[in-house]
Amino acid sequence: MGRGLPYRFFDAVARYPYSVADVIGVQTPGNKGYFAEWVRGPGRRLEVLQNWLGAPADAPSSIVVGETALAERKVFVYAGHMGVAQGMGILLDLAERLRGRTDVGFLFVGRGSDAQRLRDDARAGRGK
């Protein structure tokens with residue numbers, strides 16, 4: 001899309017919420033640079049919302065993959081945040097569809113707002 005009328009329209013639509021906000025939440029301190037100009041306005045502030053992180057574990061994992069049902073399998077690993085936006089249910093659905101395969105397995109490593117729900121769904125054998 002060039003910088004013609006459609007671009008200017010969508011740009012205005014995207015910028016409007018910023019023009020009326022007095023607080024904007026960003027995901028990381030690095031995102032603050034994008035709003036460096038905006039935050040100079042009176043009464044405006046940026047907040048880093050790191051609420052997707054749970055408390056860190058006190059100790060490293062004691063799980064040895066070679067001593068689990070994943071031993072000798074090709075393992076597909078998802079490592080990262082497990083929240084609504086990541087659509088983790090799709091990966092759980094895939095794991096469920098391949099449940100009968102003995103040559104592959106799935107390992108999900110991470111934390112986030114959906115981690116417990118995913119754990120519960122996996123244990124119950126449903127990938128929704």
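Everything numeric in this text was worked out from a predicted model, so none of it was measured.

A cluster of nonpolar residues, Phe9, Phe10 and Val13, forms a patch on the protein surface that exposes about 310 Å² of accessible area. A residue is classified by how much of its surface remains accessible, and phenylalanine 10, at 48% relative accessible area, is partly exposed.

This part covers unusual backbone geometry. Even without being a glycine, glutamate 72 presents a positive backbone phi close to 70°. Summarising the element assignment, glutamate 72 is placed in the loop between β2 (45-48) and β3 (74-79). With relative accessibility at 82%, the residue glutamate 72 sits in the exposed group.

For helix α2 (residues 88-97), every residue scored as buried is listed here: Met88, Gly89, Leu92 and Ala95. For α2, the buried positions fall inside an angular range of 115° around the axis, keeping them on one side. Of the exposed residues in α2, the ones pointing more than 90 degrees away from its buried face are Ile90 and Arg97. On the buried face of α2, the contacting elements are β3, β4 (104-109) and α3 (115-124).

What follows concerns the pairing of β4. Taken residue by residue, a regular strand's side chains alternate between the two faces of the sheet. Where β3 meets β4, six bridges bridge the pair, whose relative direction is parallel. The residue bridging alanine 79 from the neighbouring strand is valine 109, located in β4. Between the parallel pair β3 and β4, the chain is carried across by α2, and the sense of this crossover is right-handed.

What follows is about the packing of aromatic side chains. Under the definition given, this model contains six aromatic pairs. Their ring planes at 70° and their centres at 5.2 Å tell us that tyrosine 18 and phenylalanine 35 sit as a pair that is edge-to-face. Taken together, the residues tyrosine 18 in helix α1 (residues 5-20) and phenylalanine 35 in the loop between β1 (23-26) and β2 connect sequence positions 17 residues apart. Since its relative accessible area comes to 8%, phenylalanine 35 is described here as buried. With a centroid separation of 4.9 Å and an interplanar angle of 85°, the aromatic rings of tyrosine 34 and phenylalanine 35 are classed as edge-to-face. Members of the aromatic cluster, joined through ring pairs, are Tyr18, Tyr34, Phe35 and Trp38.

The subject of this paragraph is the confidence of the model for the protein chain. Here the protein chain shows a mean pLDDT of 85. Residues at 70 or above account for 91%. The least confident element of the protein chain is α3, whose mean pLDDT is 83; the most confident is β2, at 91.

Where α2 meets α3, the closest approach of the two axes is 11 Å, and the angle between their N-to-C directions is 20°. Considering their axes alone, α2 and α3 lie roughly parallel with respect to each other. As for the relative orientation of α2 and α3, their crossing is right-handed in sense. Listed contacts from α3 to Met88, Gly89 and Leu92 of α2 are Leu118, Asp121 and Ala122. Here the contact of α2 with α3 is built from residues that sort into four nonpolar, one polar and one charged.

Definitions and limits used
- Residues numbered from 1 in each chain as written.
- Predicted model: local features only at pLDDT ≥ 70, side-chain atom pairs only at ≥ 80, totals over all residues.
- Heavy atoms only, no water.
- Patch = residues over 30% accessible without salt bridge, like charges linked within 9 Å, V, L, I, M, F, W, Y side chains within 5 Å.
- Areas by Shrake-Rupley, 256 points an atom, 1.4 Å probe, with all protein chains shown as cover.
- Salt bridge = Lys/Arg side-chain N within 4 Å of Asp/Glu carboxyl O.
- Buried < 20%, exposed > 50% of the residue type's maximum accessible area, 1.4 Å probe, protein only.
- Helix = DSSP H or I, 4+ residues; strand = E, 2+ residues; numbered from the N terminus.
- Arc of directions from axis to C-beta.
- Contact = heavy atoms within 4.5 Å.
- Pairing = 2+ DSSP bridges.
- Right-handed = clockwise from strand over helix to strand, strands pointing away.
- Phe/Tyr/Trp six-rings, centres within 6.5 Å; stacked < 30°, edge-to-face > 60°.
- pLDDT = per-residue confidence, 0-100.
- Axes fitted to C-alpha atoms, helices over the stretch in contact; angles between N-to-C directions.
- Parallel < 35°, antiparallel > 145°, perpendicular 65-115°, else oblique.
- Left-handed = near helix turned anticlockwise from the far one by under 90°.
- Nonpolar A, V, L, I, M, F, W, Y, C, P; charged D, E, K, R; others polar.

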